[in-house]
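As a plain string of letters, each chain reads:
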Amino acid sequence: MSIQNVMVIGAGQMGSGIAQVCAMAGYNVLVNDLKEEFVLKGLASIEKNLQRQVDKQKLTADQKQEILSRLKPSADLQDAAGTDLVIEAAVENMAIKTDIFAKLDKITPETTILATNTSSLPITEIAAATNRPEKVIGMHFMNPVPVMKLVEIIRGLATADEVYQSIEDMTKTLNKIPVEVNDFPGFVSNRILMPMINEAIYTLYEGVAEKEAIDEVMKLGMNHPMGPLTLADFIGLDTCLYIMETLHEGFGDDKYRPCPLLRKYVKAGWLGRKTGRGFYSYEG
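Note that the structure is a prediction, hence the values are computed from the model and not measured.

1. A short note on the UniProt feature "site: Important for catalytic activity" (unreviewed entry) in the protein
Step number 1: Mapped onto this structure's residue numbering, the UniProt feature "site: Important for catalytic activity" (unreviewed entry) falls at His140.
Step number 2: Relative to the helices and strands, histidine 140 is located in strand β6 (residues 136-141).
Step number 3: Residues within four places of histidine 140 in sequence aside, it is in contact with Thr116, Asn117, Thr118, Ser119, Leu150, Val151, Glu152, Ile154, Phe187, Ser189 and Asn190.

And the structure:
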């Protein structure tokens, strides 16, 4: 299966990052979102990232322009009709994702591979919204996408071997390292990471230590680049809560029960860096 034309759905932090690495690897990329203003914001973010690379002399100005020339804005899902691969990076919500995949199934040629960047939701369930479950697969990129090397590639129950192989090969062209994972809630990355973050929040909630102390223990004692509470703020506390709820529901095991303090912060609108306040304050 030859992949040259890609659509990325969702122009937020993850989607724009995926679009950037695809364009850098030579693919023609449509950057799609619900509104043109969202798309233009995503493209501006990519331009800023590339300019940083030019300033560091890792790219030339001509290379930057060449990469940008491969990126095209789209505010209409119908534009997916000419694509070989669609990578969906919309909000982490099953109803929204299945709706998108059902529409894509009708819009795209039957040869088009439909991938989702979900961080925790079942690929098999998303694939069931289509009439081509064999061509649906998970491509879970890590944040920030241009920097992080890992991509978890998740097979659904019906994903065809040749589809898996195409996506593995394509991932390598992005200068990423693909790792095959089976379709379980949270896959590998978030099944291990999120309970650790949740336990760190419980440690704060129960008064075992202050937030700075918890983060220092994990940085200095476990050699983590950032502490779990800082990382939770970076990911977004609403995303952390949603993944913990997915794990809790998917496994039915109380070891995945979200900490009440995490719920309280999300209800307060303290979602981390993106809102200026989470476990730490980022205002100003």
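2. Points about the packing of aromatic side chains
Step number 1: The final tally for this structure, using the stated rule, is 4 aromatic pairs.
Step number 2: Members of the aromatic cluster, connected to one another through ring pairs, are Tyr265, Trp270 and Phe279.
Step number 3: Cation over ring: arginine 155 sits above tyrosine 164, and NZ or CZ is 4.4 Å from the ring centre.
Step number 4: Directly above the ring of tyrosine 280 sits lysine 211, whose terminal nitrogen or CZ lies 5.6 Å from the centroid.

3. A short note on the state of the cysteines
Should the sulfur atoms of two cysteines be covalently bonded, the bond is a disulfide.
Step number 1: Tallied over the full model, the rule gives 0 disulfides.
Step number 2: Here cysteine 259 stays free of any disulfide, with the sulfur of cysteine 240 as its closest cysteine sulfur at 12 Å.

4. Considering the nonpolar core
Step number 1: Counting 38 residues, the largest nonpolar core has Val6, Cys22, Val29, Leu85, Phe141 and Met170 as the members making the most contacts within it.
Step number 2: Ranked by the residues each element gives to this core, the list is headed by helix α1 (residues 13-24), at 6 residues.
Step number 3: Among all residues touching cysteine 22, those that are not within four sequence positions of it are Val6, Tyr27, Val29, Ile87, Met170 and Leu174.
Step number 4: Listed in part, the 25 residues of the second largest apolar core include Leu204, Leu231, Leu241 and Phe279.

Conventions we followed
Residues numbered from 1 in each chain as written. Predicted model: local features only at pLDDT ≥ 70, side-chain atom pairs only at ≥ 80, totals over all residues. Heavy atoms only, no water. UniProt positions renumbered as here; feature names shortened; annotations may be inferred. Helix = DSSP H or I, 4+ residues; strand = E, 2+ residues; numbered from the N terminus. Contact = heavy atoms within 4.5 Å. Phe/Tyr/Trp six-rings, centres within 6.5 Å; stacked < 30°, edge-to-face > 60°. Lys NZ or Arg CZ within 6 Å of the ring centre and 35° of its normal. Disulfide = S-S within 2.5 Å. Core = buried A, V, L, I, M, F, W, Y, C linked by side-chain atoms within 4.5 Å. Buried < 20%, exposed > 50% of the residue type's maximum accessible area, 1.4 Å probe, protein only.

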